[in-house]
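Observations on chain architecture
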Amino acid sequence: MMSSPAAASSTSSPARLRPPSALDSLSVSSLLSGDLDDDGEGDEGVLGDLEVNPYDGLPFSSRYYSLLEERRRLPVWRLKYCLLEQLEGHSMVLLSAPSGSGKSTQVPQWCVEYTLSHDFSQGLVCCSQPHSAAAASLALHVADEMDLSLGLEVGYRVPHDDGCAPDTLLRFVSDSLLLEEMMSDPLLRQYGVLVLDEIQERTVPTDVLLGLLRDVCRQRPNDLRVVLLTHPALAPRLATFLGPTVPVLTLETPLTQPPTRQGIAYPPTFPNAFLPEEVEERKVAVVETVYRDPPSGREPAVAACHMVLDLHRRGDEGDVVVFLPSAQDLEDCATQLEKESVALSPQLGSLRVLLLHAGLGAATQRIYEAQAEASNLGEAGSLEGLEKLDAPVLGVKRRVILTDTLGEASFSLPAIRYVIDSGLQLKTVYNPQIRADSHVLRPISRHQADMRSQRVNSHLPGVCVRMYPQCLYDEGMAEAPVPGVLEENLSHLVLLLKRLDIADMGQCTFLDRPAPEALMQALEDLDYLAALDDDGNLSEVGIIMSELPLEPPLAKALIAACEYDCVSELLTIAAMLTAPPCFVTPPCNREEAAATHRRPLLHNEGDHLTLINIYNAYIQHNEDEAWCTTNFLNPAALRLAVVIRAELLEVMQRIELPVSPPGFGCQDNCTNIKRALISGFFLKVAHDVDGSGNYLLLTHRHVAHLHPFSSYLCRRPRPNPPSWVLYHDFTISHDNCIRTASEVHPQMLMELAPQYYLGNLPSSEGKEILMELRQSLAPSEESQSESYGLTHPEGDSNKTAATLNQEGTELCVIQ
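Since this is a predicted model, take the numbers as computed values, not measurements.

**Overview of the overall build of the protein chain**
A tally of regular secondary structure across the protein chain gives 29 helices and 24 strands. Residues counted as buried form 55% of the 815 residues belonging to the protein chain. Residue pairs at least 24 apart in sequence account for 75% of intrachain contacts in the protein chain once pairs closer than 6 positions are excluded.

Okay, structure coming up:
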């Protein structure tokens with residue numbers, strides 16, 4: 001937590017500057033050049049107000065100065081004046097520095113100082129992060145370093161959590177929200193400086209922002225500055241992409257010295273920019289890299305656990321960070337460490353195991369807890385999936401941080417002496433041809449391996465143990481990670497770009513262009529959902545979909561719910577599907593107990609309606625965490641679902657969509673819920689081919705099974721598997737399960753999505769059944785046109801029945 005501001009003593013505070021009001025008209029360049037007039041004041045008078053924080057007018061605390069001394073030892077500090085000088089003459093600046101150099105915390109503060117020199121006339125400062133957890137963490141640390149209040153002068157904004165005030169000076173935001181903000185303000189006029197951090201992560205929003213902000217800088221050449229922060233591995237390629245007009249700063253850049261007064265170099269407008277004497281820069285850690293062949297037959301989590309215990313038994317000082325492929329591997333390793341550490345000698349001291357991955361949310365801050373909190377460990381007996389401790393006898397001797405790719409660059413991990421690198425990552429790769437994700441376990445890139453070894457920052461010689469042979473690093477790893485635009489579903493991105501009036505994807509400059517088939521599939525899916533008009537622009541339905549912070553199919557289902565009077569129920573389903581899974585995987589010896597507790601919450605009509613039951617029960621029990629634990633439910637996921645539902649309701653009221661009152665429980669309501677779901681998810685339907693639960697997915701002919709947590713498998717007595725199901729998610733993995741499935745009748749598919757099922761659906765047994773059903777029903781032309789209208793309730797109401805009938809037999813034309 002941050003210390004409250006307190007006046008610094010005169011003996012410890014630096015010399016004083018003139019009052020800020022006397023410097024309002026000065027620019028950074030004039031300050032760096034030394035064109036200052038003392039107006040007859042002596043040095044002591046000039047330096048009078050240094051103790052006052054210029055951002056809140058309060059005296060600096062003593063903690064501020066101790067943190068300032070640490071900041072000046074960071075390697076990136078030497079680039080401060082170079083950056084400030086470049087911002088005076090360039091709209092865009094690229095700064096390259098390795099992980100742990102301090103760029104993510106220091107550069108945003110320098111940008112605030114730059115805007116202060118212009119009296120904030122150009123706007124506020126915004127720093128985007130690829131990971132939401134990192135944005136919240138950086139806001140907390142920077143507010144502490146600036147001696148300001150989190151949520152006032154410094155804040156953060158991430159999905160479903162807004163920690164900013166209207167006049168917050170420095171905002172840390174997720175890159176996805178900054179991209180969405182451009183929909184309402186394409187030129188981002190409220191910001192004077194934008195910082196894009198961790199560009200080497202190559203997320204889809206960051207890559208798109210990189211291209212869009214080049215155009216924004218051209219339209220705002222005088223009042224916008226963009227600072228790009230990246231790891232040195234990507235810097236040469238970024239410099240080529242940006243062109244020769246963008247200056248590049250590295251730790252090898254010749255220094256720009258500010259004016260010197262009595263041997264002290266400082267820029268007078270920034271009282272927090274210097275100390276009276278020079279401070280030695282932090283030394284680069286010495287790292288020895290050791291390669292080990294992975295033990296045959298051992299999972300990465302088990303092998304890493306044994307490596308940690310071997311290091312601990314040696315008794316050498318230093319904390320450990322372990323890189324594993326996935327969150328599940330992290331949990332398994334933590335559980336294994338807990339079991340194995342019981343047999344360790346008490347003389348070795350205790351292990352404190354901390355998890356660091358995106359699913360933890362605010363709990364990621366636990367990695368910064370001081371080791372001096374050993375006295376509190378006895379009270380931390382519960383695991384709760386966040387941290388696992390053994391009973392301390394001699395206090396905490398060693399921290400073991402278990403992380404995945406999140407720990408490569410986004411978090412500063414102090415006092416790390418040992419790095420254990422599995423060399424693997426679990427990636428979710430989208431295949432546009434089959435419209436499904438795949439979980440792929442594959443080697444990391446060489447750039448990632450180097451970044452992981454750079455996590456060592458101990459004053460003692462460090463060791464990076466790579467649990468793979470050197471030949472894999474030299475020959476088997478790609479040089480750089482694969483960009484997100486080449487591996488993710490682009491439907492939501494295309495929807496946002498269409499909203500920005502970028503009709504042709506060729507108008508948006510990408511560092512790596514998306515695959516043409518991925519863009520075509522995204523356009524095709526949006527066309528199926530009636531989000532595009534005949535000219536390929538957003539239809540009325542598409543505009544509404546772009547306002548909803550949901551994946552396009554879920555947004556379309558929520559819009560369709562307005563017609564079927566089941567908005568309240570679809571809001572709940574959308575919130576539960578957007579939040580993390582609410583079911584907790586029970587231990588092996590508690591599986592039956594978990595099923596027994598959950599059984600009263602199951603709904604006969606399927607998993608989507610079961611989610612409504614769970615949400616309503618959670619609200620009825622006053623959001624009680626103990627009730628969640630008893631029923632093996634994730635309280636954090638349910639809390640987030642409540643927040644998401646409120647946000648969605650607010651958006652619908654803002655854009656004046658009709659919100660029907662709750663009607664959950666009657667059969668008509670259940671049927672209408674399924675109609676609304678089919679309107680958005682008609683591409684995700686499966687047919688039981690043999691009556692035993694082997695489902696053939698109609699769009700790409702994969703065979704899948706219901707997830708073990710499905711209501712159809714947990715009810716007693718177990719019902720027969722439904723013949724046709726609509727599902728929310730299917731991922732190609734070792735079990736090939738479809739998640740969140742509900743029974744639907746094939747007649748409803750024909751009524752609500754005839755364009756797809758009669759024209760575009762690939763030939764299969766399921767399509768033959770649907771064609772036979774259509775012939776047997778033989779609906780009248782009038783009823784056909786009325787039913788077809790359900791597929792496009794907003795955007796196609798002006799089409800005639802003949803036009804709709806023609807669309808039912810022709811292939812969808814990609815706009």
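So, next bit.
**Some thoughts on the packing of helix α18 (residues 567-578) against helix α20 (residues 607-620)**
Between α18 and α20, the shortest axis-to-axis distance is 9 Å and the interhelical angle comes to 90°. In terms of orientation, α18 and α20 fall into the roughly perpendicular class. Between α18, through Glu569, Thr572, Ile573, Met576 and Leu577, and α20, the contact on the second element is made entirely by His608, Leu611, Ile612, Ile614 and Tyr615. Across the contact of α18 with α20, the residue classes break down as seven nonpolar, two polar and one charged.

**Some remarks on the nonpolar core**
Of all hydrophobic cores here, the largest spans 161 residues; its most connected members are Phe172 and Tyr757. For this core, the element with the highest residue contribution is helix α17 (residues 552-564), accounting for nine residues. Not counting the four nearest positions on each side in its chain, Phe172 is found in contact with Ser104, Pro108, Cys127, Ala135, Leu138, Ala139, Val142, Val154, Gly155, Tyr156 and Arg157. Core analysis: the second largest hydrophobic core is formed by 29 residues, Ala304, Leu402, Val465 and Met467 among them.

**Focus on helix α12 (residues 446-453)**
The buried count for α12 comes to six of eight residues, which makes it a mostly enclosed element. When α12 is considered as a whole, its buried residues turn out to be His447, Gln448, Ala449, Met451, Arg452 and Ser453.

**Some remarks on the environment of Asp525**
You can see Asp525 is positioned in helix α15 (residues 516-528). In this structure, the C-alpha to C-alpha distance between Asp525 and Pro552, residues 27 residues apart in sequence, is 8.8 Å. Asp525 has contacts with Tyr430, Arg435, Ser491 and Leu683, leaving out every residue within four places of it along the chain.

**A few points about the pattern of salt bridges**
In total, this model carries 24 salt bridges according to the counting rule given. We note a salt bridge from Arg157 to Glu181, for which the minimum N-O separation is 2.9 Å. A residue pair is termed long-range when its members are at least 10 positions apart, and Arg157 in strand β3 (residues 154-158) and Glu181 in helix α7 (residues 175-184) qualify at 24 residues. Ionic pairing is found between Arg218 and Asp215, a salt bridge with its closest N-O pair at 2.3 Å. Taken together, the residues Arg218 and Asp215, both in helix α8 (residues 204-219) and three residues apart, mark about one turn of the helix. The partly exposed category is assigned to Asp215, whose relative accessible area is 25%. One salt-bridge network, held together by shared partners, links Arg202, Asp207, Arg237 and Asp512.

**Structural notes on the side chain of Asp319**
Examined against the element boundaries, Asp319 turns out to sit in strand β12 (residues 319-323). Judged by its relative accessible area of 3%, Asp319 falls in the buried class. Of the polar contacts made by the side chain of Asp319, one reaches the backbone nitrogen of Arg399; its length is 3.0 Å.

**Observations regarding the pairing of strand β6 (residues 191-196)**
Within β6, six of the six residues are buried, which leaves it mostly tucked inside the rest of the structure. Inspection of the sheet shows β6 paired to strand β7 (residues 225-230) by four bridges, in the parallel sense. By the bridge assignment, Val193 is partnered in β7 with Arg225. Considered for its hand, the β-α-β crossover made up of β6, α8 and β7 is right-handed.

Cut-offs and rules
- Residues numbered from 1 in each chain as written.
- Predicted model: local features only at pLDDT ≥ 70, side-chain atom pairs only at ≥ 80, totals over all residues.
- Heavy atoms only, no water.
- Helix = DSSP H or I, 4+ residues; strand = E, 2+ residues; numbered from the N terminus.
- Buried < 20%, exposed > 50% of the residue type's maximum accessible area, 1.4 Å probe, protein only.
- Contact = heavy atoms within 4.5 Å.
- Axes fitted to C-alpha atoms, helices over the stretch in contact; angles between N-to-C directions.
- Parallel < 35°, antiparallel > 145°, perpendicular 65-115°, else oblique.
- Nonpolar A, V, L, I, M, F, W, Y, C, P; charged D, E, K, R; others polar.
- Core = buried A, V, L, I, M, F, W, Y, C linked by side-chain atoms within 4.5 Å.
- Salt bridge = Lys/Arg side-chain N within 4 Å of Asp/Glu carboxyl O.
- Polar contact = N/O pair within 3.5 Å; in protein donor to acceptor, adjacent residues only side chain to side chain.
- Pairing = 2+ DSSP bridges.
- Right-handed = clockwise from strand over helix to strand, strands pointing away.

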